[in-house]
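Summary of the model geometry
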Amino acid sequence: MKKFLIFVLLLSVSISCTDQFEEINTNKNQPTAAQPKTLLPNVIFNLANENVSNAFDFGDIVAQYGGNYEYNELDIYNWGASSRFWNMYKWLNDINDIKKQAIVLNNKNYEAVSLILESYVISVITDTYGNVPYSESSKGEDGILKPVYDSQEQIYTKILENLTTANSIIETSKSIEGDLLFNGSMLKWKKFCNSLHVRLLMRVSNKTVVNTKLSEIISNPATYPLFASNLDNANYKYTGVFPNISPMTDGINRLYGYNIVMPSTHIVNTLITNNDPRLNEWIDPIAGTNNYKGVQPGLALDQIGEPTKYSRRAEDYFYTKTKITSIFMTYSELNFLLAEARQRNIITTGTAQVYYNTAVEASFNQWSVTMPANYLVTTAPYSATNDVLYTQKWLALYHTGVEAWIDWKRTGKPSFIQAGPGAKNGGKIPRRIMYPSIEQSVNAENNSAAVKAIGGDNINNKIWWDNF
């Protein structure tokens, strides 16, 4: 009997301790999930780095701002499977965590920021590959490890809905913490949201009617504020203090890695012909001279010769640790989009010429370069009958991620972008990136269905909105 009573006493103590174990060992002052303000800086910084790398290493080549003097498989379109943009899914996962926590905290501003960043990221992924996982992406915690691929039309439908939602829930009277892009200003996030909305509406304007929504945005600035000057640009500015410097800058990159891409004949000759002072800002002359010479895009390696006979990217952007910025979207680009929309009568507000003039001037100001007095009168006046709008837009999109290539896929402009003499792709400029090879093993069934839906996993198949 005595032993039985001791056993009962020990059992009751054990149960009592177990009942309180979780409560005792839980720090009530420490959150169990990362807060949006702690996740957001990492997301913005890494997206900025991705954007710069994609601009300098990929975008400059495929949009023909430059050419590689070595390792020029990109230049001649000898492309294989690539995870270059697929890697952005890891930031989409973090953005999804921000969104989930924002909803738990009932913080509409963080929720809106997550929707805007999500829309930006998935637009880049789908615009480079075509059909990709979206509705089931970032759901590993829910047990979805093999997400289905959504059609690009489905993805864009959801993106445009999300941007409408984001604009509607932003509270501009309140700020957020951890915002390295706009320093907590929700008005600027709202302007970015709506300007991005304009970009993506124009993206699909050859496939679906966007007149009503675009006109609604343009005609209601109180509800849909847009970029109003370069002060609103969605540009990430590096502090210049390691590690907050760009991946193309001295201290992270090497001068060889920066200079392996040489300016193209397209950009050098266009700037020289127009007596455009952005030439001196963007490009250094041939070493030891005051002369400029670009490399023809798409040459075979044995046709290029010594890199010393060509101009170079302005090395000040390599050595000055604060000079490179990560350009997501600008006031200049917005006005080029509006100029095109007005020219095509998609909108009836304003005039194409005024939008165009504003766009060109904004580009000069963005780079702190004085525009010549006669530039818009005699050098590059607006015209609806030639390529001038698209050529000036192409110049203004310099280093804006891969936007110039994506825009070329939509418009076919500027028309001087053509496959070079060394091209191995049947004289065709690629229209998409091939899916990463790992998808064939880890998500084979859904990848196979996506490949079938787009007519084959090759670089020449047009994606849904690519209609020129």
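Note that the structure is a prediction, hence the values are computed from the model and not measured.

**Comments concerning the packing of helix α3 (residues 89-105) against helix α4 (residues 108-129)**
The contact between α3 and α4 brings their axes to 9 Å, and the two run at 160 degrees. On the basis of the axis angle, α3 is roughly antiparallel to α4. Read as a crossing pair, α3 and α4 show a hand that is left-handed. Contact with α3, carried on its side by Tyr89, Leu92, Ile95, Ile98, Lys99, Ala102 and Ile103, involves Tyr110, Glu111, Ser114, Leu115, Leu117, Glu118, Val121, Ile122 and Ile125 of α4 and no other residues of that element. Tallied by class, residues from the contact of α3 with α4 come to 12 nonpolar, one polar and three charged.

**Considering the pattern of salt bridges**
Inspection of every chain in the model, using the stated rule, returns 25 salt bridges. Linking Arg313 and Asp60 is a salt bridge whose minimum nitrogen-to-oxygen distance equals 2.9 Å. With Arg313 in strand β7 (residues 312-313) and Asp60 in helix α2 (residues 36-62), the pair connects residues that are 253 residues apart, well separated along the chain. No difference in accessibility class separates Arg313 from Asp60, as the two residues are buried. Linking Glu141 and Lys100 is a salt bridge whose minimum nitrogen-to-oxygen distance equals 3.1 Å. On the criterion of sequence distance, the pair formed by Glu141 in the loop between β2 (132-133) and β3 (149-150) and Lys100 in helix α3 is long-range, its members being 41 residues apart. The exposed category is assigned to Glu141, whose relative accessible area is 70%.

**Structural notes on the environment of Gly67**
Along the chain, the position of Gly67 falls in strand β1 (residues 66-68). Apart from the residues lying within four places of it in its own chain, the contact partners of Gly67 are Ile61, Asp75, Ile260, Val261, Met262 and Val295.

Calculation criteria
- Residues numbered from 1 in each chain as written.
- Predicted model: local features only at pLDDT ≥ 70, side-chain atom pairs only at ≥ 80, totals over all residues.
- Heavy atoms only, no water.
- Axes fitted to C-alpha atoms, helices over the stretch in contact; angles between N-to-C directions.
- Helix = DSSP H or I, 4+ residues; strand = E, 2+ residues; numbered from the N terminus.
- Parallel < 35°, antiparallel > 145°, perpendicular 65-115°, else oblique.
- Left-handed = near helix turned anticlockwise from the far one by under 90°.
- Contact = heavy atoms within 4.5 Å.
- Nonpolar A, V, L, I, M, F, W, Y, C, P; charged D, E, K, R; others polar.
- Salt bridge = Lys/Arg side-chain N within 4 Å of Asp/Glu carboxyl O.
- Buried < 20%, exposed > 50% of the residue type's maximum accessible area, 1.4 Å probe, protein only.

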